[in-house]
Amino acid sequence: ALPLAITGVASGIGAATAQLLSSQGYALIGIDRTTPEDFPGEFVQADLSTKQGVSEAAAKVIALAPQGLRGLANIAGVPGTAPARVVLSVNVFAVRELTRALAEHFTAGATVVNLASSVAFNWRVNAAAYASFAMAADQEAALDLVLADTDIAENSYLFSKHCVRAMTEQLCAELLPQQVRVNSVSPGPVETPILADFKKDHGTDKVNSAAELLGRFASPQDIASAIAYLLSPQSEWVNGTDIRVDGGLVAYRGSTAL
Ligand code: NAI
């Protein structure tokens, strides 16, 4: 069977997704800046925060998959406590560039899944602006422009995840003629190492109150099963859309949800 590439496999949602997919029989090529202890497949160590790191990762993946790829899960991400330029580079541009670099190696029927967030559910308000940043030809110039806006610089994670949703539709349109599907998943708070950074970024009380309301945080497995569904042929007619996996948080809280 052709392999599937998956980023962010050293921790949290990416690690849980790799375990699930492996148990379902998928051949995997994992990508992360950190080398996982035991990965169920091939592993490529790469820093996705630079264009060069992304293209090196893509070249290694292609070398490991000479017959082609059945898809890509863009799960690696950084919280808003990282420098804004890194947040936007990893969460937005690495997703776009890795998808494009691997695109010609996707077979017909391949699928791409991107990780957005429940913080990005109301993205339609500014969908055109997010799309125009996310699809900008000159990545560095686009970064300079948006980071000059202190509101965006201070809310880089929120901005990045809105961009993931807008970009998912753009990439869906780009890859549709090649019969490749592109969707996103928007989790609410998930019990992974990133949660400690979310608490610093959004406030511990706000993050914890979501778990109080819902009875618990999501587990990485809650999110992995939605990702696996979108990667599978069972979701063949689901394309260019987002699945919120937040236990109902956004429905309950509306625009103040995390
Ligand atoms: P995590 O921190 O457990 O895992 C993130 C992984 O991405 C790590 O293995 C890390 O090494 C990798 N990574 C980060 N920067 C990288 C880089 N420059 N190059 C290569 N790899 C890099 O976080 P978690 O929770 O598993 O997050 C996965 C995705 O889900 C992220 O995109 C995150 O924004 C998103 N998400 C997470 C939520 C949560 O509450 N945990 C909620 C909503 C979205």
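Nothing here was measured: the structure is a model prediction, and the numbers come from that model.

*Asks:* For this particular structure, what's the right way to read the packing of helix 3 (residues 84-103) against helix 5 (residues 139-147)?
*Replies:* When two helices pack together, their arrangement is given by the angle between the helix axes and by the axis-to-axis distance. Two numbers describe how helix 3 lies on helix 5: the axes approach to 11 Å, and their chain directions differ by 140°. By the criterion of interaxial angle, the relationship of helix 3 to helix 5 is oblique. Every pair of crossing elements has a handedness; the one defined by helix 3 and helix 5 is right-handed. Here A84, R85, L88, S89, F93, R96 and E97 of helix 3 come into contact with helix 5, specifically with Q139, E140, A142, L143, D144, V146 and L147. Of the residues contributing to the contact of helix 3 with helix 5, the split by class is 7 nonpolar, 2 polar and 5 charged.

*Asks:* Explanation requested: the pattern of salt bridges in the structure shown.
*Replies:* Pairing is possible between side chains that carry opposite charge, provided their charged atoms lie close to one another. Scanning the model with the defined rule gives 8 salt bridges in all. A salt bridge links D242 to R165, with the nearest nitrogen and oxygen atoms 3.9 Å apart. You can see D242 sitting in strand 7 (residues 242-245) and its partner R165 sitting in helix 7 (residues 156-175), a full 77 residues away along the chain. Like D242, the residue R165 is buried in the burial classification.

*Asks:* Can you walk me through the nonpolar core in this structure?
*Replies:* Most often, soluble globular proteins have nonpolar side chains that are buried together. Ranked by size, the top nonpolar core spans 50 residues in total, and within it L102, F106 and F133 carry the most contacts. Going through the elements one at a time, strand 2 (27-32), helix 2 (51-64), strand 4 (69-74), helix 3, strand 5 (106-115), helix 4 (127-134), helix 5 and helix 7 are the ones with two or more residues in this core. The dominant element in this core, judged by the number of residues it contributes, is helix 3, at 9 residues. Setting aside anything within four residues of it in sequence, one finds F106 in contact with L69, G71, L72, T99, V112, L175, Q178 and V180. In terms of nonpolar packing, the next biggest core, distinct from the first, is built from 23 residues, L4, V9, A18 and A228 among them.

About the cut-offs
Residues numbered from 1 in each chain as written. Predicted model: local features only at pLDDT ≥ 70, side-chain atom pairs only at ≥ 80, totals over all residues. Heavy atoms only, no water. Axes fitted to C-alpha atoms, helices over the stretch in contact; angles between N-to-C directions. Helix = DSSP H or I, 4+ residues; strand = E, 2+ residues; numbered from the N terminus. Parallel < 35°, antiparallel > 145°, perpendicular 65-115°, else oblique. Left-handed = near helix turned anticlockwise from the far one by under 90°. Contact = heavy atoms within 4.5 Å. Nonpolar A, V, L, I, M, F, W, Y, C, P; charged D, E, K, R; others polar. Salt bridge = Lys/Arg side-chain N within 4 Å of Asp/Glu carboxyl O. Buried < 20%, exposed > 50% of the residue type's maximum accessible area, 1.4 Å probe, protein only. Core = buried A, V, L, I, M, F, W, Y, C linked by side-chain atoms within 4.5 Å.

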